[in-house]
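As a plain string of letters, each chain reads:
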Amino acid sequence: MSALTSSDVLRPGAKGFKGLIQRAVFAAMPWFFSVLRRVKPIARLGKNNYLTSRYDDVREVFATDTAFGVVYQPKLDVIMGGQPFFLGMGDTAEYRADTDAMRRVVLPADLPGLASRVEALAEAVVAAAPGRIEVVDTLVRTVTFAFLSEYLGVPEPQQGHLSVWGTRLFEFQFADQGNDPALRAEVDEIAPALRAHIQSEIERRRADPQGDDVLARCLRLQAAGDPWFTDDRIRTALTGFIVGGPPQPPMVVPQAMEQLLRRPHALAEAQAAARAGDDARLAAYVLEAMRFDPLAPGLPRVALKDWTLAAGTSHACTIPAGATVLAAFASAMMDPRRIADPRRFDPDRPASDYIHFGFGLHECFGRHINRATLHLMLKPLLKRQGLRRAPGGAGRLRKNGAFAERLELLFD
């Protein structure tokens, strides 16, 4: 089956011994980070790669844009057909212009409506389930791509699936450390097809940009003569949002559900908040659950110049220009030097304890949408009585590399 028409959102995972090793590495990561935080907080891995694991050092990497730049541009060029996207930029005038333009069409006032839409979609999915539901694909991925494609104004293509295209491109951009040639071959099909699909929507709707989705707002600004809103910039921004946005909740929301299931008391309290309609309290439980299994172990940055990280401390280390640094935010959120009793599940933690969405210049652009909606994908399910794992392995979260793959739950 062509990558363009495939309905398999995730590629086949590693099998046999390779799969066993992969699962063991992911399972051992919290222990590995705890050792590094004590013994070698800034560890050199290989010739020109470093890993930093303590909270203060991770925040320093994210916050020091003059010394640590993003590494995303080469693969973004493949996805965007060479058009610049702000995720690959430093703190430049172009970056500021691009993000400012997007803040004119992605508005804080949209959040209540998006929250209501997510909860309604999730309720419909759960209500249609006969007491047994698969959380990753049937619930979270269905809801995520439905509401975000509506909001962005990018419908399903006639041949293909946005969930497949977006997830493949997300994997290529953020999780393909080995530069898999098979994945690259799929990307070379999918990326131009997604760009063409979005461009066709721009042209179709230009004459009549009705509605109040992001594309409609962009086209109205274009028609009003705003010079920023060219077809290339609109297409590139929407492509970036499809690639960087909807693939994330199907990873982190099921992982949060798994963490709640491991803690019956926390699960019961989250369910009480859901049934009481206390969305702020429910969001706190889901955010805290995500701390135990976040989106990724860390985010990479490249040293733009020689920089002494953690200067003035006993573990200070000079990172040479050109080196890659993995800022391990999963480790930082478990650092007892800054996080009180980090192994304790505590939904009342201060916001500063969380680095789920990055920090600094390249903190996730969609973080406000995530905070307004992620917990509501689980709310209708948490309201059900008798919520429990399905029997056997089906009731345990199964992963495919970095991606959540399957989790089945029962309810009365």
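Residues numbered from 1 in each chain as written. Predicted model: local features only at pLDDT ≥ 70, side-chain atom pairs only at ≥ 80, totals over all residues. Heavy atoms only, no water.

Caption draft 1: The overall build of the protein, seen in detail. Along its length, the protein carries 15 helices and 12 strands. Since a compact globule built from 412 residues should have a radius of gyration of about 22 Å, the 21 Å found for the protein is in line with a globular shape. Along the three orthogonal principal directions, the C-alpha set of the protein runs to about 65 × 60 × 45 Å. When burial is assessed residue by residue, the protein has 54% of its 412 residues classed as buried. Partitioning the intrachain contacts of the protein with sequence separation of at least 6 by distance along the chain shows that 72% fall at a separation of at least 24. Just so you have it, the protein exposes about 17,800 Å², and 55% of that area is on carbon and sulfur atoms. (Helix = DSSP H or I, 4+ residues; strand = E, 2+ residues; numbered from the N terminus. Rg over C-alpha atoms; globule rule 2.2 N^0.38 Å. Buried < 20%, exposed > 50% of the residue type's maximum accessible area, 1.4 Å probe, protein only. Contact = heavy atoms within 4.5 Å. Areas by Shrake-Rupley, 256 points an atom, 1.4 Å probe, with all protein chains shown as cover.)

Caption draft 2: Region of interest: the sheet that holds strand β2 (residues 49–52). Here 5 strands make up an open sheet; going across it, the order is β1-β2-β8-β5-β3 and the pairing mixed. For this open sheet the edge positions go to β1 (42–44) and β3 (68–69), each flanked by a neighbour on one side alone. One ladder, built from 4 bridges, connects strand β5 (residues 299–303) with strand β8 (residues 324–327); its direction is antiparallel. Following the sheet pairing, arginine 301 is matched in β8 by valine 325. Sitting on the sheet, helix α2 (residues 55–63) touches β1, β2, β3, β5 and β8, and the angle it makes with β8 is about 125 degrees. (Pairing = 2+ DSSP bridges. Axes fitted to C-alpha atoms, helices over the stretch in contact; angles between N-to-C directions.)

Caption draft 3: Representation of the sheet that holds strand β9 (residues 388–389). Strand order across the open sheet formed by 3 strands is β4-β12-β9, with antiparallel pairing between neighbours. The sheet terminates laterally at β4 (132–134) and β9, the two strands that pair on one side only.

Caption draft 4: Structural detail: the packing of aromatic side chains. With the rule as written, the count across this model stands at 11 aromatic pairs. Relative to tyrosine 95, the ring of phenylalanine 86 has its centre 6.3 Å away and its plane inclined at 85 degrees; by these criteria the two rings are edge-to-face. For tyrosine 95, a relative accessible area of 5% translates into the label buried. With a centroid separation of 6.2 Å and an interplanar angle of 70 degrees, the aromatic rings of phenylalanine 170 and phenylalanine 403 are classed as edge-to-face. Residue phenylalanine 170 is found in helix α7 (residues 162–175), and its partner phenylalanine 403 is found in strand β11 (residues 403–406); the two are separated by 233 residues along the sequence. Residue classification places phenylalanine 403 among the buried residues on the basis of a relative accessible area of 6%. (Phe/Tyr/Trp six-rings, centres within 6.5 Å; stacked < 30°, edge-to-face > 60°.)

Caption draft 5: Geometry of the packing of helix α6 (residues 135–152) against helix α11 (residues 249–261). For the pair α6 and α11, interaxial distance at closest approach is 9 Å and the crossing angle is 130 degrees. Here α6 lies oblique to α11, going by the angle between them. Crossing angle aside, the handedness with which α6 passes α11 is right-handed. Two secondary-structure elements touch here, α6 through Val135, Val136, Val140, Arg141 and Thr144 and α11 through Pro249, Pro250, Val253 and Pro254. (Parallel < 35°, antiparallel > 145°, perpendicular 65-115°, else oblique. Left-handed = near helix turned anticlockwise from the far one by under 90°.)

Caption draft 6: Region of the structure containing the environment of arginine 262. Locating arginine 262 in the fold gives a position in the loop between α11 and α12 (264–276). Note on arginine 262: relative accessible area 52%, which makes it exposed. Sequence spacing of arginine 262 and arginine 396 is 134 residues, and the spatial spacing of their C-alpha atoms is 9.9 Å. A polar side-chain atom of arginine 262 sits 2.9 Å from a polar atom in the side chain of glutamate 258. (Polar contact = N/O pair within 3.5 Å; in protein donor to acceptor, adjacent residues only side chain to side chain.)

Caption draft 7: Examining the pattern of salt bridges more closely. If you walk through the whole model with that rule in mind, you get 37 salt bridges. Where arginine 337 meets aspartate 335, a salt bridge forms, and the shortest distance between an N and an O atom there is 2.7 Å. Residues participating in the shared-partner salt-bridge network are Asp110, Asp212, Arg217 and Arg220. (Salt bridge = Lys/Arg side-chain N within 4 Å of Asp/Glu carboxyl O.)

Caption draft 8: Representation of helix α15 (residues 367–382). In a regular helix each residue adds 1.5 Å, so 16 residues correspond to 22 Å; α15 covers 23 Å between its end C-alpha atoms and thus fits that length. Its axis deflected by about 30 degrees at threonine 373, α15 carries its strongest bend there. (Expected span 1.5 Å × (residues − 1). Bend = angle between axes of the 7 residues up to and from the residue.)

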